[in-house]
Amino acid sequence: MASSPTQKHFEATSRLQMKEQTIDEMYGVPENFLEIEVRNPLTHGFGRKMFTDYEIVCRTNIPAFKLKSSSVRRRYSDFEWFRDVLERESSRVNIPPLPGKVFTNRFADEVIEARREGLERFLQIVAGHPLLQTGSKVLSAFIQDPNFNRENYNY
């Protein structure tokens, strides 16, 4: 009699040893974790001098990052500079695009929210990349250093 697909799957996996997880394994801190959130956009200035900056909150235990928990503010032009530096630093890594430039209604709530989401996705991808974690001279500082200044990096 032919065996069913379910029976074949069971036979194929039955030789694996099943082990109950401990409470620490289920609920403890994972070996490596990285949480990055871009939130709390604030618009500053008036007229042609207006700009929006965003809070970057990082929680991690990855050694490439100097702080376990941090919060900094960055504006879109800082992200543009950061992405440009990452591209020049690491030719082996495909750096994702930033959300596009907006020329009309750029201070409308829905435009700012769409940009915030795009910046968060961008940071989660680049900060989670192992080659960038170990090879970039600016990654950790951009995400974590409140005194970060582009002029300190000769790029």
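Attention in this report is confined to the structure presented alongside it. (Residues numbered from 1 in each chain as written. Predicted model: local features only at pLDDT ≥ 70, side-chain atom pairs only at ≥ 80, totals over all residues. Heavy atoms only, no water.)

With that settled, consider the environment of Thr 52. With respect to the helices and strands, Thr 52 occurs in strand 2 (residues 51-60). Between the C-alpha atoms of Thr 52 and Ser 77, which are 25 residues apart in sequence, the distance is 9.9 Å. If near-sequence neighbours (up to four positions away) are discounted, Thr 52 is found in contact with Pro 41, Leu 42, Thr 43, Arg 75, Tyr 76, Phe 107 and Ile 112. (Helix = DSSP H or I, 4+ residues; strand = E, 2+ residues; numbered from the N terminus. Contact = heavy atoms within 4.5 Å.)

Further remarks concern helix 3 (residues 76-89). With 14 residues, helix 3 should reach 20 Å at 1.5 Å per residue; the first-to-last C-alpha distance of 20 Å fits that figure. Tyr 76, Asp 78, Phe 79, Trp 81, Phe 82, Arg 83, Val 85 and Leu 86 are the residues of helix 3 that are buried. Here the buried face of helix 3 lies against strand 2, strand 3 (69-75), helix 4 (109-127), helix 5 (130-135) and helix 6 (139-144). (Expected span 1.5 Å × (residues − 1). Buried < 20%, exposed > 50% of the residue type's maximum accessible area, 1.4 Å probe, protein only.)

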